Amino acid sequence: VDLSNSISFVNYSNPDSVEIRPQGTKTTTSSSNLPQDIKFSFAVINTENGNEPAIGIGDANGDISFTSMSFSKEGTYTYWIKESNAENNTNGITYDKTRYLMKVVVSRNSYNRLVADVSYYSSSVSNSVDIADYTTPASTPSFQNEYSADGYINITAKKVLTGRDLRAGEFAFKLTRQDNGGEID
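Residues numbered from 1 in each chain as written. Predicted model: local features only at pLDDT ≥ 70, side-chain atom pairs only at ≥ 80, totals over all residues. Heavy atoms only, no water.

1. Brief notes about the nonpolar core
Generally speaking, soluble globular proteins have nonpolar side chains that are buried together.
Working step 1: Membership of the largest hydrophobic core comes to 25 residues, with the highest contact counts inside it found for Val44, Met69, Phe71 and Met102.
Working step 2: Elements with a minimum of two residues in this core: strand S1 (18–20), strand S3 (40–46), strand S5 (64–66), strand S6 (69–71), strand S7 (75–83), strand S9 (99–108), strand S10 (114–122) and strand S12 (142–147).
Working step 3: Not counting residues up to four positions away in its chain, the partners in contact with Val44 are Pro22, Asn51, Glu52, Pro53, Ala54, Phe66, Met69, Tyr79, Trp80, Ile81 and Met102.
Working step 4: Ranked by size, the runner-up nonpolar core spans five residues in total, among them Ala43, Trp80, Leu101 and Tyr134. (Core = buried A, V, L, I, M, F, W, Y, C linked by side-chain atoms within 4.5 Å. Buried < 20%, exposed > 50% of the residue type's maximum accessible area, 1.4 Å probe, protein only. Helix = DSSP H or I, 4+ residues; strand = E, 2+ residues; numbered from the N terminus. Contact = heavy atoms within 4.5 Å.)

Below, the structure is given as structure tokens:
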């Protein structure tokens, strides 16, 4: 059998990609009610070049919605996940400075399709930027903020009585909360 003129078939895989969506939770301990309009922002940062391929927004209920990330090549990719405002404690909020390592391993499955395995790690070294310090597996990144609405307000009022003179101590006033009618100390 002469195989020199045989037919050969070459299969090329279509360029494909796999998408992931980072995960995380946010809790806030509070000495008073956290305003519902507060949003928390998170960054997903490439550990090699500092690019931010995804961002996350957390609401007052603790849900973080991250944008998706797409991978078109096999390999191991590493990212930091951290709260964007961590360096700025403002408006009564003390932000969590914790950072997590997200490791994404992209490989081909038995159908030659790209698949991604995502894992998260924490470090016992506070706010480390050394990947080697991140050896403790974490189910998902979890951030904890503290909110305190301490403050004061000086309220002044003037009572005007028409038709006769006002006598001292004749009227008493009470300041109440609008949300629940409770008295304010």
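Still more to cover.
2. A short note on the sheet that holds S7
Working step 1: Strand order in the open sheet formed by seven strands is S5-S4-S3-S7-S9-S10-S11, and the pairing between neighbours is antiparallel. Of all strands in the sheet, those bounded by a partner on one side alone are S5 and strand S11 (136–138). Between one strand axis and the next, the sheet turns by 30 degrees as a mean value, whatever way the strands run.
Working step 2: Two strands pair when backbone bridges link them, and S3 and S7 are joined in this way by five bridges, in the antiparallel orientation. Its bridge partner lying in S7, Ile45 is registered against Trp80. (Pairing = 2+ DSSP bridges. Axes fitted to C-alpha atoms, helices over the stretch in contact; angles between N-to-C directions.)

3. Points about the side chain of Ser128
Working step 1: As for its position among the elements, Ser128 is in the loop between S10 and S11.
Working step 2: Ser128 sits in the buried class, given a relative accessible area of 8%.
Working step 3: In terms of polar contacts, Ser128 uses its side chain to reach the backbone amide nitrogen of Asp130, at 3.0 Å.
Working step 4: Not counting residues within four places of it along the chain, the set of residues in contact with Ser128 comprises Trp80, Arg99, Ser123, Asp133 and Tyr134. (Polar contact = N/O pair within 3.5 Å; in protein donor to acceptor, adjacent residues only side chain to side chain.)

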